[in-house]
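One-letter residues, chain by chain:
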Amino acid sequence: MTTNTMTTKQDRYEHGMSVLDRVDGEAGRRIVDALSDTSPELGHQVVAWAFGDMYSRPELSPRDRQLVTLGVLTALGGAEIELDVHINAALNVGLTPSEVSEALLHSAVYCGIPRAINATLVAKKVFGERELLPISNV
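Counting starts from 1 at the beginning of each chain's written sequence and moves along it residue by residue. Per-residue local features of the predicted model are confined to residues with pLDDT of at least 70, and side-chain atom pairs are confined, for both listing and counting, to 80 or more; whole-chain, interface and lining totals are unaffected and use all residues. Only hydrogens and water are removed before side-chain values are computed, so all heavy atoms of the structure are retained for them.

Student: I keep staring at the overall build of the protein and nothing clicks. Help me out?
Tutor: Check the secondary structure of the protein and you find seven helices and zero strands. Note on conventions: DSSP H or I runs of at least 4 residues are helices, E runs of at least 2 residues are strands, and numbering of each starts at the N terminus. Along the protein, helices (α) and strands (β) appear in the sequence α-α-α-α-α-α-α when read from the amino end. For 138 residues, the compact-globule estimate of 2.2 N^0.38 gives 14 Å, and the protein sits close to it at 15 Å. Expressed as lengths along the three principal axes of its C-alpha atoms, the size of the protein is roughly 50 × 35 × 30 Å. Charge-centre separation for the protein: the mean point of 12 positive side chains lies 2 Å from the mean point of 18 negative side chains. Only C-alpha atoms enter the radius of gyration; for comparison, a globular chain is expected to reach 2.2 Å times N to the power 0.38, where N is the number of residues. A positive count includes Lys and Arg, and a negative count includes Asp and Glu. His and the chain ends are not counted in either. Charge coordinates come from a single atom per side chain, which is NZ of Lys, CZ of Arg, CG of Asp or CD of Glu.

Student: When you look at the pattern of salt bridges in this model, what are you seeing that I'm missing?
Tutor: When the charged atoms of two side chains with opposite charge come close together, those side chains can pair. One speaks of a salt bridge when a side-chain nitrogen belonging to Lys or Arg is within 4 Å of a carboxyl oxygen belonging to Asp or Glu. Within the structure shown, the criterion is met by eight salt bridges. A salt bridge links Arg-29 to Asp-21; its shortest N-O distance comes to 2.7 Å. For the salt bridge of Asp-84 with Lys-125, the shortest nitrogen-to-oxygen distance reads 2.4 Å. Remark: Lys-125 occurs in helix α7 (residues 113–129) and Asp-84 occurs in helix α5 (residues 80–92); sequence separation between them is 41 residues. Residue exposure (1.4 Å probe, protein chains only): buried if accessible area is under 20% of the type maximum, exposed if over 50%, otherwise partly exposed. Overall, the relative accessible area of 13% leaves Asp-84 in the buried class. Looking at Lys-125, the relative accessible area reads 42%, which means it is partly exposed. Residues joined by salt bridges that share partners form a network here, namely Asp-84, Lys-125 and Glu-129.

Right, dumping it as C-alpha cells:
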C-alpha cells in the first residue's frame, strides 16, 4: 500500500501499525502505548508517518533501514530507549548480534567512543534478554 492509496488518517495508522508490528514487535507497541496519555498524536505520527510512510518505502530493505537507524541513534546520543527498541528490531529483521555489534563498533569512528559504548551497553542488555551472549566480533 502506498501513501497515494491511503486516504484517511485511520488507513495510514493501520498500515503503519502492521509495519511496526513486523519490524519492532512488542517493543514498538510499548512506545506508542506509553505516548497515549501524554501525546497520542505523536504516537499516531510514529505509526502512520515513520512506519506507514517511511519504513514501508521499497528502496531500502528493513534490514538496511535498521542499520541506518542504529547508526543515527548511536550518533545522537541520549537515545537509549529508542536504541533498545531498534536493536530488537534489527534482530527481528535478520541482523545477527555480531552484525549489530559491528555496526555499533563502526559508529565509534564517526560519532565517538563514548556514544558507541553507550549503544553497545544497550545492545548487551538486549542480547542478554534474548540469551544471545557472548558475542564475538574480534
